[in-house]
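Architecture and fold: a report
Listed below, chain by chain, are the residues.
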There are 2 protein chains.
Amino acid sequence: MKTVSQNKAFGGVQGVYSHDSTACGCDMTFGLFLPEEAEDGPVPVLWYLSGLTCTHENAMVKAGAQSWAAEHGIALVFPDTSPRGDDVADDDAYDLGQGAGFYVNATQKPWAPHFQMWDYVAEELPALLAGSFAIDPERQAITGHSMGGHGALTLAMNLPGRFRSVSAFAPICHPTASDWGRKQLAEYLGPDESKWARHDATLLMRETGFDGPILTDTGTADQFYDLLQTHALAEAVAKRGQQAQIRFQPRYDHSYFFVSTFIEDHIAFHADALYA
Amino acid sequence: MKTVSQNKAFGGVQGVYSHDSTACGCDMTFGLFLPEEAEDGPVPVLWYLSGLTCTHENAMVKAGAQSWAAEHGIALVFPDTSPRGDDVADDDAYDLGQGAGFYVNATQKPWAPHFQMWDYVAEELPALLAGSFAIDPERQAITGHSMGGHGALTLAMNLPGRFRSVSAFAPICHPTASDWGRKQLAEYLGPDESKWARHDATLLMRETGFDGPILTDTGTADQFYDLLQTHALAEAVAKRGQQAQIRFQPRYDHSYFFVSTFIEDHIAFHADALYA
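Summarised in this report is the structure supplied together with it. Model, not experiment: these values are computed from the prediction.

Remarks on the overall build of chain A
Summing up its helical and strand segments, chain A has 9 helices and 9 strands in all. In summary, chain A has a C-alpha radius of gyration of 17 Å against a globular reference of 19 Å for 276 residues, a match within 12%. With respect to the three principal axes, the spread of C-alpha positions in chain A is 50 × 45 × 35 Å. By the burial criterion, 63% of the 276 residues in chain A qualify as buried. If you take every contact in chain A between residues at least 6 apart in sequence, the share linking residues at least 24 apart comes to 73%. Carbon and sulfur atoms make up 47% of the accessible area of chain A, which amounts to about 10,100 Å² in all.

The structure is reproduced here in structure tokens:
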């Protein structure tokens, strides 16, 4: 693992690190904020999965999360959204290929050799962090924005016991029924839709739900509102009687100004679960 | 004036606007955050002047200032750092020309036709804002980062009565004695150093000081520490008996992680003066 940069921030350290990823078969870069408390021992951790076109850097510099993470003594991990590199498959569309991994393990050509983002965020990166930093694997929570909200919800429901709480900003809630999802799942996983089901938060909510609290925020002026299919998740939550807050924020859009406005609430929400 | 974008943020609106600048002879773009309170009438305003290489956008997306401005009901203005455009003079160096206006009125070729940033931030943009937005010109404060800290300090001391308080993050404190200053002042203002004096915060502090409180933060691990010449300003403040807090923050560097860490303090500091 290589240290790309370290900046003192909010009493702790905002680091950027790169490493040779076995899952993705390429160099992967991630951001990690460690609060001051990490100098004295392992701290709880909140994963932040980013959306389409983002790298590890967008949320790290624009979400304003470190301020609140420092207040609660929580570490933040910012993984990249896909494998990267000249020898990694890509597509001209902004919503497929590099920057658009959708947090799945691709089985199809040309994606399969590198696009193993599920294994990367569910297995490889957690093991790397646990071995290298003062992070408590027993106290993890997860959030994300847009495609990253999809990732957060699907990871949380597929890995029972891993995360104490899950939240999301403008998540893609029902990708098997959206143009943000059907194209990508077909490309990465092939045409058999039964293989897509475990990567759809709404289908997972209907099937299993989440053993913990859920918080989502979506702006009513979100320019991608129809693609998110929030109504489908809301209906599934209601039918299950899932512990959840599904919030709709008047006049907010899909941008990082929306994320940064509500990140304080989300981190306080996770802190409640992480320190319970 | 043209609205480039508006995003709801922290209960208010983060806007970006462009206009045909008389002072600079080109289109200029600025960011303006209006808190919710601006819907009911004029609010106090904090100017944020940015550093080398920045546009109106950097601080707007990376400083985390809107959160605290909203808490205190204060507007934020983010001007650009220079004129821009294909027909505007430039230089290959990152610290001269476009992105590096140094908040002066250039008198020398090739800069004079467009590089009138003093007039732009001291006269033209304030008049535009007062005429177009719910901003109270009687309650203004100013801050900035690096070159923008230089701008904030020199504007505040040159315009008595304009700003109730001034602060700065890692300001260039003594440009007439620094490689961040001597080259640019010679290029923009010519070789007569007497013309440079009113653009040097340390010289102004020796001469006139500021009728209000001053706050500066500088990281002790700032990679440009020597260029800032903070010791010269600190000495001048001490000799004058100026009301000021000159703070040195251990292990912080020159980055926006440093700015975002301390922006809460700065906005609270300005709120005290703006609501006094």
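Here we look at the interface of chain A and chain B
Of the residues lining the interface, 24 residues belong to chain A; the matching set on chain B comes to 24 residues. Linking chain A to chain B there are 0 salt bridges. Here chain A is connected to chain B by 10 residue pairs in polar contact (both at pLDDT 80 or more). For the side of chain A that touches chain B, the secondary-structure elements that each account for two or more residues are strand E1 (2-9), strand E2 (12-21), helix H1 (57-62), helix H2 (65-72) and helix H9 (256-274) of chain A. Across the side of chain A that touches chain B, the residue classes tally to 10 nonpolar, 9 polar and 5 charged.

Points about the pattern of salt bridges
What the rule picks out here adds up to 18 salt bridges over all chains. The partner of B:Glu193 in a salt bridge is B:Arg182, and the shortest N-O contact between them spans 2.7 Å. Here the residue B:Glu193 occupies a position in the loop between helix H5 (182-189) and helix H6 (201-207), and B:Arg182 occupies one in helix H5, the gap between them amounting to 11 residues. It is possible to trace a salt-bridge network through shared partners that takes in A:Asp217, A:Arg247 and A:Asp265.

A look at the environment of A:Arg139
By secondary structure assignment, the location of A:Arg139 is in strand E6 (residues 135-144). Residues contacting A:Arg139, with those up to four places away along its chain left out, are A:Pro42, A:Val43, A:Pro44, A:Val45, A:Arg164, A:Leu274 and A:Tyr275.

Some points on the packing of aromatic side chains
All names here are of chain A. Counted by the stated rule, this structure contains 23 aromatic pairs over all chains. Here the aromatic residues Phe169, Tyr252, Phe258 and Phe262 are joined through ring pairs into a cluster of three or more. The ring of Trp118 has Arg198 lying over it, and the distance from NZ or CZ to the ring centre is 4.8 Å.

Description of the side chain of B:Asn7
Along the polypeptide, B:Asn7 turns up in strand E1 (residues 2-9). The exposure class assigned to B:Asn7 is buried, which follows from its relative accessible area of 13%. If sequence neighbours within four positions are ignored, B:Asn7 has contacts with A:Asp253, A:Ser255, A:Phe257, B:Gly12, B:Val13 and B:Gln14.

A look at a negative patch on the surface
A cluster of acidic side chains, namely A:Glu36, A:Glu37, A:Glu39 and A:Asp40, defines a negative patch on the protein surface. Locating A:Glu36 in the fold gives a position in the loop between strand E3 (26-34) and strand E4 (43-49).

Thoughts on the relation of the copies chain A and chain B
The transformation that overlays chain A on chain B combines an axial shift of 0.0 Å with a rotation of 180 degrees, and the residual RMSD is 0.0 Å. On the angle and the small slide along the axis, the relation comes out as a two-fold axis. A shared binding surface is used by both copies, with 100% of the interface residues of chain A retained as interface residues in chain B.

Notes on the packing of helix H3 (residues 117-132) of chain A against helix H4 (residues 147-158) of chain A
Residues and elements named next belong to chain A. For the pair H3 and H4, interaxial distance at closest approach is 12 Å and the crossing angle is 60 degrees. Considered as vectors, H3 and H4 are oriented oblique to each other. Between H3 and H4 lies a crossing of right-handed hand. Residues Trp118, Val121 and Ala122 of H3 lie in contact with H4, whose contacting residues are Thr154, Leu155 and Asn158. Residue classes in the contact of H3 with H4 are distributed as 4 nonpolar, 2 polar and no charged.

Observations regarding H2(A)
Residue and element names in this part refer to chain A. Burial analysis of H2 places 6 of its 8 residues in the buried class, which makes it a mostly covered element. Looking only at H2, the buried set comprises Ala65, Gln66, Ser67, Trp68, Ala69 and Ala70. Immediately beyond the C-terminal end of H2, within one or two residues, lies Gly73, with a positive phi of roughly 70 degrees.

Topic: the pairing of strand E2 (residues 12-21) of chain B
All names here are of chain B. Counting buried residues along E2, 8 of its 10 residues qualify, which places the element largely inside the surrounding structure. In this sheet, strand E3 (residues 26-34) lies alongside E2 in antiparallel orientation, the contact comprising 9 bridges. Following the sheet pairing, His19 is matched in E3 by Met28. Taking the residues that link successive antiparallel strands as the turn, the E2-E3 hairpin has 4 residues, and the phi of Gly25 there is positive, at about 65 degrees.

Details of the pairing of strand E7 (residues 166-169) of chain B
Residue and element names in this part refer to chain B. Residues of E7 alternate between two faces, with Val166 and Ala168 on one and Ser167 and Phe169 on the opposite face, all of them buried. The pairing of E7 with strand E8 (residues 214-219) spans 4 bridges and is parallel. Residue pairing for E8: Ala168 is matched across the bridge by Thr216.

Section: the environment of B:Arg139
All names here are of chain B. Taking the relative accessible area as the measure of exposure, Arg139 reaches 19% and is therefore buried. Put simply, Arg139 and Pro42 are 97 residues apart on the chain and 9.6 Å apart in space, counted from C-alpha to C-alpha. Reaching out from Arg139, the side chain makes a polar contact with the side chain of Asp136 at a distance of 2.8 Å.

Concerning the packing of helix H2 (residues 65-72) of chain B against helix H9 (residues 256-274) of chain B
Residues and elements named next belong to chain B. Contact geometry for H2 and H9: axes closest at 9 Å, N-to-C directions at 30 degrees. If you check the angle between H2 and H9, you find them roughly parallel. In this structure, the crossing between H2 and H9 has a hand that is right-handed. On H9, the residues touching Ala65, Trp68, Ala69 and His72 of H2 are Ile263, Glu264, Ile267, Ala268 and Ala271.

With respect to the nonpolar core
Formed by 185 residues in total, the largest nonpolar core has its most connected members in A:Tyr188 and B:Tyr188. Contact partners of B:Tyr188, with chain neighbours within four places excluded, come to B:Leu96, B:Gly97, B:Ala100, B:Gly101, B:Phe102, B:Val104, B:Ala106, B:Thr107, B:Gln108, B:Trp111 and B:Phe115.

What counts, and where the lines are drawn
Residues numbered from 1 in each chain as written. Chains lettered and ligands numbered in written order. Predicted model: local features only at pLDDT ≥ 70, side-chain atom pairs only at ≥ 80, totals over all residues. Heavy atoms only, no water. Helix = DSSP H or I, 4+ residues; strand = E, 2+ residues; numbered from the N terminus. Rg over C-alpha atoms; globule rule 2.2 N^0.38 Å. Buried < 20%, exposed > 50% of the residue type's maximum accessible area, 1.4 Å probe, protein only. Contact = heavy atoms within 4.5 Å. Areas by Shrake-Rupley, 256 points an atom, 1.4 Å probe, with all protein chains shown as cover. Salt bridge = Lys/Arg side-chain N within 4 Å of Asp/Glu carboxyl O. Polar contact = N/O pair within 3.5 Å; in protein donor to acceptor, adjacent residues only side chain to side chain. Nonpolar A, V, L, I, M, F, W, Y, C, P; charged D, E, K, R; others polar. Phe/Tyr/Trp six-rings, centres within 6.5 Å; stacked < 30°, edge-to-face > 60°. Lys NZ or Arg CZ within 6 Å of the ring centre and 35° of its normal. Patch = residues over 30% accessible without salt bridge, like charges linked within 9 Å, V, L, I, M, F, W, Y side chains within 5 Å. Lys, Arg positive; Asp, Glu negative; His and termini not counted. Charge placed at Lys NZ, Arg CZ, Asp CG, Glu CD. Least-squares fit on C-alpha atoms with pLDDT ≥ 70 in both. Axes fitted to C-alpha atoms, helices over the stretch in contact; angles between N-to-C directions. Parallel < 35°, antiparallel > 145°, perpendicular 65-115°, else oblique. Left-handed = near helix turned anticlockwise from the far one by under 90°. Pairing = 2+ DSSP bridges. Core = buried A, V, L, I, M, F, W, Y, C linked by side-chain atoms within 4.5 Å.

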